[in-house]
Amino acid sequence: MASWASLAAPLWLPATAHAGAQIEEPLADAVRTALSSAILNNAPPVPEFDDFASRLQYLRWLGAMGDRLRRRVPDWQTRKELLQTIWYESRRAGLDVSLVLGLIQVESNFRKHAVSSAGARGYMQVMPFWVRVIGNGDPAVLFHMQTNLRFGCVILRHYLDRERGDVFMALGRYNGSRGRAPYPDAVFANQRHWTFDPGRPVTATG
């Protein structure tokens, strides 16, 4: 396993997925129902905007993030669909999109079919037990782009709610290392690479 010091590097490039194991915990029926409901609706994440300024800002974000992701996802159409879905699912779950991007970089380095030694799968390294608990029971769906991102964002939102908005603790819970600093610190370090400043000129960064 890679050292935690290497995980903290913003441009960390793992050879394999090093996700920790989200720990299966008993869920109250109301929580289980809410989470199951949150993962439904597979409508394509087509962005909709109330005004031209919002659409323009999104397109600038897409261009900037596309430049930064180019080395990891060379095909533009694949890159566009991935970023569009990350943007959609992050906002749907009330998450900072740069945080989700930082988490994906640490978890899978944007590899759709990544599998960790703990059995976590896909971009956001979701443990298969979640599909049994709140999904259709088929872990293969975690290799579907939008499904994986939907599960990952819903689970992270759940942990944030459990931790009363404490991002540090929620990230630790997501990784199965609650209360320990290395994993949250790695995500925060990578998050900085995906922060978008709408006033900054868009330039290619690799």
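Bear in mind that the values here come from a model prediction, so they are computed numbers and not experimental data.

Peer 1: Would you take a moment to explain the packing of aromatic side chains for this structure?
Peer 2: How two aromatic rings sit relative to each other is set out by the distance from centre to centre and by the angle between their planes. Summed over all chains, the structure comprises 8 aromatic pairs. Here a set of aromatic residues connected by ring pairs shows up, and it is made of Phe49, Tyr58, Trp61 and Trp87.

Peer 1: Just checking my understanding: could you explain empty space enclosed by the protein for this structure?
Peer 2: If you roll a probe as big as a water molecule over the atoms, it shows you where there is empty space left. As enumerated under the stated definition, the model contains 2 cavities of 30 Å³ or more in all. Its boundaries defined by the atoms lining it, the largest cavity holds a volume of some 50 Å³. Every residue along the wall of the largest cavity is listed here: Ile23, Glu24, Glu25, Leu27, Phe129, Trp130, Val133, His158, Tyr159 and Arg162. Residue assignment for the lining of the largest cavity shows that the elements contributing at least two residues are helix 6 (129-134) and helix 7 (145-162).

Peer 1: Looking at this model, I keep getting lost on the pattern of salt bridges. Mind explaining?
Peer 2: A side chain of one charge can pair with a side chain of the opposite charge when the charged atoms of the two come close. Scanning the model with the defined rule gives 8 salt bridges in all. Here glutamate 25 ties to arginine 173 by a salt bridge, and the two come within 2.9 Å at their closest N and O atoms. Highlighted residues: glutamate 25 in the loop between helix 1 (4-7) and helix 2 (29-38) and arginine 173 in helix 8 (residues 167-175), separated in sequence by 148 residues. Look at arginine 173 and you get buried, because its relative accessible area is 12%. The partner of arginine 70 in a salt bridge is aspartate 67, with the nearest N and O atoms 2.9 Å apart. Among the residues examined, arginine 70 registers a relative accessible area of 37% and is labelled partly exposed. Salt bridges linked by common partners bring Glu25, Arg162, Glu163, Arg173 and Arg178 together as one network.

Peer 1: When you look at helix 5 (residues 97-107) in this model, what are you seeing that I'm missing?
Peer 2: In terms of burial, helix 5 is largely enclosed, as 11 of its 11 residues are buried. Taken together, the buried positions of helix 5 are occupied by Val97, Ser98, Leu99, Val100, Leu101, Gly102, Leu103, Ile104, Gln105, Val106 and Glu107. Looking at the packing, one finds that the buried side of helix 5 touches helix 3 (52-69), helix 4 (76-92), helix 7, helix 8 and helix 9 (182-191). Following helix 5 by one or two positions, asparagine 109 has its phi on the positive side, about 55°.

So, how was this worked out
Residues numbered from 1 in each chain as written. Predicted model: local features only at pLDDT ≥ 70, side-chain atom pairs only at ≥ 80, totals over all residues. Heavy atoms only, no water. Phe/Tyr/Trp six-rings, centres within 6.5 Å; stacked < 30°, edge-to-face > 60°. 1 Å grid on protein atoms, 1.4 Å probe; cavity = no way out; pocket = protein on both sides within 12 Å on 5 of 7 lines; lining within 4 Å. Points joined across faces, edges and corners; volume = space filled by probe spheres on them. Helix = DSSP H or I, 4+ residues; strand = E, 2+ residues; numbered from the N terminus. Salt bridge = Lys/Arg side-chain N within 4 Å of Asp/Glu carboxyl O. Buried < 20%, exposed > 50% of the residue type's maximum accessible area, 1.4 Å probe, protein only. Contact = heavy atoms within 4.5 Å.

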